[in-house]
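# Notes for the structure review
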Amino acid sequence: MISFFSCLALLILSYFTYAKYVERVFGPTNAQTPAVRFANGVDYVPMPLWRMILVQLLNIAGLGPVFGAISGALWGPSVFLWITFGTIFAGAVHDFACGFLSLRNNGQSVAEITGIYLGPLVKKFMHVFSVILLVMVGTVFAVGPANLLVFLFKGHVATGSLLANTYFWLALIFLYYFMATFLPIDKIIGKVYPFFGICLLLMALGVSAGIFMQGYRIPEIALHNLHPSNLPIWPLMFVTVACGAISGFHATQSPLMARCITNEYQSRQVFAGAMVMEGIIALIWAAAGCAIYEKTGGLMTGLQAMLAQAGQAGVVYDICLKTIGPLKLNGISFGLLFVMIGVIVCPITSGDTAFRASRLVLADWFNIDQKPFLKRLRLSVPLLLAGVIISQLPYDVIWRYFSWSNQTLAMIVLWAATVYLHQKKQNYFIALVPAIFMTAVSSTYFLIAPECLHLSKILAYPLGLVFTALISGFFITKMRPQSKK
């Protein structure tokens, strides 16, 4: 358990040390923010700091730090290292950078930001890429909780009941998505998210406390591969555990709060702070996956069997029952309560802002004013209809393509941050190093993953290095013109 507590301590300490250094490099000022300059009562709405932190946490903490961390535990406690150092040196830098750059550019969306620093070609690509990713995210974060709700109600309601019907829950979730996408940000999101954010944190604390109270032992970090199917750690684990370490999806969400921040010095608390909290949540769920299930020959066979039998939703339910489920109040299991509020609400409250962010990307792309009622409606309806259509595809297919797209977007945002810092003559290595690393992750995954080219390691690894060099070279050229001035 020393490994777990050491990683937890590093995550907490990083917020007060490395994140503080990153803030100093980017150099916030007391300049008037977009929330004040462009206040329109719809998207540009000043909010209190505490509310923004909790809203940002729920915006970014979807299924990733729960489902992704549990799946990442198949490789064993080595996943703790990726969650910890990925959060500190990649995720927190990425989230701070995209939020801060949005602040400095009138609260614009990620496509506009990357276009400013990486050129019009990247901007055009990002317009299409980010909208597709956001619709996929919104859909994944609708189908996942709908399946979990069906799983929870089966056996407790009559056969054929609406409560055991996936389409019933999908309809309700998409109806909520429409309202959250269309209405002003402070009408639903700003009011209910803080409560849900507290529930999410309590859920994670309850699971971590239950691990120790129920006598489970968290194993120490082992650098060798413990995956029962011997799937390679590089790069599969680094894509499987995305939102708990670094996630490009966060770059689509941060502009939402960049339009609500009233002082640039709030950036560290809102963006880096929420990322560190998400890293802690992912660390707890990965620890639960490593600690609770039986191992055969040191391999994570028990967790693999449970995932095959019940899926990720079933494993989450099982973990909650085994850690905090035995505790009851008036016959109601805390485990069930935490699952209902935490693991179900968490992805839903990321899915709604995914669709909202896609509306804003389109609005920025085509310069459409979002204050008028009908103009918001014209963008919201087609996006939600696209999500409904995509929801009919197999869930695992959507998730796999979302995961790779997610890390590719993170790579592009880190390169944009690198160019920005280079232009400002600041320490751009804080963004350059994770940018090159994520370029290698995305390149190699595309070559080796079954849903992509599915090459052998013998071919994928060297070709991954070549792809990384070529892509890195393309982005590095964006720094040259500024260096001559």
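Residues numbered from 1 in each chain as written. Predicted model: local features only at pLDDT ≥ 70, side-chain atom pairs only at ≥ 80, totals over all residues. Heavy atoms only, no water.

### Section: the overall build of the chain
Tallying secondary structure elements over the chain gives 20 helices and two strands in all. At 21 Å, the chain has a C-alpha radius of gyration in line with the 23 Å of a compact globule built from 485 residues. By the burial criterion, 59% of the 485 residues in the chain qualify as buried. For the chain, restricting intrachain contacts to residue pairs at least 6 apart in sequence, the fraction spanning at least 24 positions comes to 83%. With the model as given, the accessible surface of the chain reaches about 18,300 Å², and the carbon-plus-sulfur share is 69%. Looking at the chain, you have 30 positive and 15 negative side-chain charges, and the mean spots of the two groups are 7 Å apart. (Helix = DSSP H or I, 4+ residues; strand = E, 2+ residues; numbered from the N terminus. Rg over C-alpha atoms; globule rule 2.2 N^0.38 Å. Buried < 20%, exposed > 50% of the residue type's maximum accessible area, 1.4 Å probe, protein only. Contact = heavy atoms within 4.5 Å. Areas by Shrake-Rupley, 256 points an atom, 1.4 Å probe, with all protein chains shown as cover. Lys, Arg positive; Asp, Glu negative; His and termini not counted. Charge placed at Lys NZ, Arg CZ, Asp CG, Glu CD.)

### Description of the packing of helix 6 (residues 79-104) against helix 18 (residues 429-448)
Relative placement of two packed helices is described by the angle separating their axes and the distance separating the axes. The geometry of helix 6 relative to helix 18 is characterised by a closest axis approach of 8 Å and an angle of 120° between their N-to-C directions. Taken together, the axis directions place helix 6 and helix 18 in an arrangement best described as oblique. The element helix 6 and its partner helix 18 pack so that their crossing is left-handed. Residues W82, F89, A90 and V93 of helix 6 touch helix 18, and the partners they reach there are I430, A431, P434, F437 and M438. Of the residues assigned to the contact of helix 6 with helix 18, the class counts are nine nonpolar, no polar and no charged. (Axes fitted to C-alpha atoms, helices over the stretch in contact; angles between N-to-C directions. Parallel < 35°, antiparallel > 145°, perpendicular 65-115°, else oblique. Left-handed = near helix turned anticlockwise from the far one by under 90°. Nonpolar A, V, L, I, M, F, W, Y, C, P; charged D, E, K, R; others polar.)

### Topic: the packing of aromatic side chains
The relative placement of two aromatic rings is captured by the distance of their centres and the angle of their planes. Within the structure shown, the criterion is met by 29 aromatic pairs. A ring pair is formed by Y18 and F89, whose centres lie 4.9 Å apart and whose planes are at 65°; its orientation type is edge-to-face. Pair noted here: Y18 is in helix 2 (residues 18-26) and F89 is in helix 6, with a separation of 71 residues, a long-range link. Pairing F125 with F129 gives two aromatic rings, centres 5.1 Å apart and planes at 20°, and the pair type is stacked. Pair noted here: F125 and F129 are both in helix 8 (residues 120-153), with a separation of four residues, about one helical turn. For F125, a relative accessible area of 42% translates into the label partly exposed. Site record: aromatic cluster; members linked through ring pairs are F26, F96, F100, Y117 and Y420. Against the face of Y15 rests R268, its NZ or CZ located 4.5 Å from the ring centre. (Phe/Tyr/Trp six-rings, centres within 6.5 Å; stacked < 30°, edge-to-face > 60°. Lys NZ or Arg CZ within 6 Å of the ring centre and 35° of its normal.)

### Let's talk about the pattern of salt bridges
According to the stated counting rule, one finds eight salt bridges in the structure shown. Between R104 and E264 there is a salt bridge whose closest N-O contact spans 2.9 Å. Remark: E264 occurs in the loop between helix 12 (249-258) and helix 13 (267-292) and R104 occurs in helix 6; sequence separation between them is 160 residues. With a closest N to O distance of 3.1 Å, R259 and D364 form a salt bridge. With R259 in the loop between helix 12 and helix 13 and D364 in helix 15 (residues 334-366), this residue pair connects regions lying 105 residues apart in the sequence. Looking at R259, the relative accessible area reads 3%, which means it is buried. By relative accessible area, D364 is classed as partly exposed at 22%. The network of salt bridges with shared partners includes K20, E23 and R268. (Salt bridge = Lys/Arg side-chain N within 4 Å of Asp/Glu carboxyl O.)

### Structural notes on helix 9 (residues 166-182)
The end-to-end C-alpha distance of helix 9 is 24 Å, a good match for the 24 Å that 17 residues give at a rise of 1.5 Å each. Along helix 9, the residues that are buried comprise W169, L170, I173, F174, Y176, Y177, A180, T181 and F182. For helix 9, the N-terminal capping position is held by N165, with its side-chain oxygen 2.8 Å away from the main-chain nitrogen of Y167. (Expected span 1.5 Å × (residues − 1). Polar contact = N/O pair within 3.5 Å; in protein donor to acceptor, adjacent residues only side chain to side chain.)

### Some remarks on the environment of I60
If you trace the backbone, I60 turns up in helix 4 (residues 49-60). It is 36 Å that separates the C-alpha atoms of I60 and G297, two residues lying 237 residues apart in sequence. If we ignore the near neighbours within four places in the chain, the residues touching I60 are D95, C243, F249, H250, Q253, A274, M275, E278 and S350.

### Focus: the nonpolar core
One finds F26, I70, F80, Y177, V207, W285 and I319 to be the most contacted residues of the largest nonpolar core, which totals 139 residues. Not counting residues up to four positions away in its chain, the partners in contact with I70 are W285, L303, L307, V315, V316 and I319. Among the nonpolar cores identified, the runner-up in size contains 13 residues, and I53, L103, M257 and F271 belong to it. (Core = buried A, V, L, I, M, F, W, Y, C linked by side-chain atoms within 4.5 Å.)

### Remarks on the side chain of S14
In this structure, S14 sits in helix 1 (residues 2-16). Looking at S14, the relative accessible area reads 6%, which means it is buried. Those residues in contact with S14, other than ones at most four positions away along the chain, are A19, I88 and V276.

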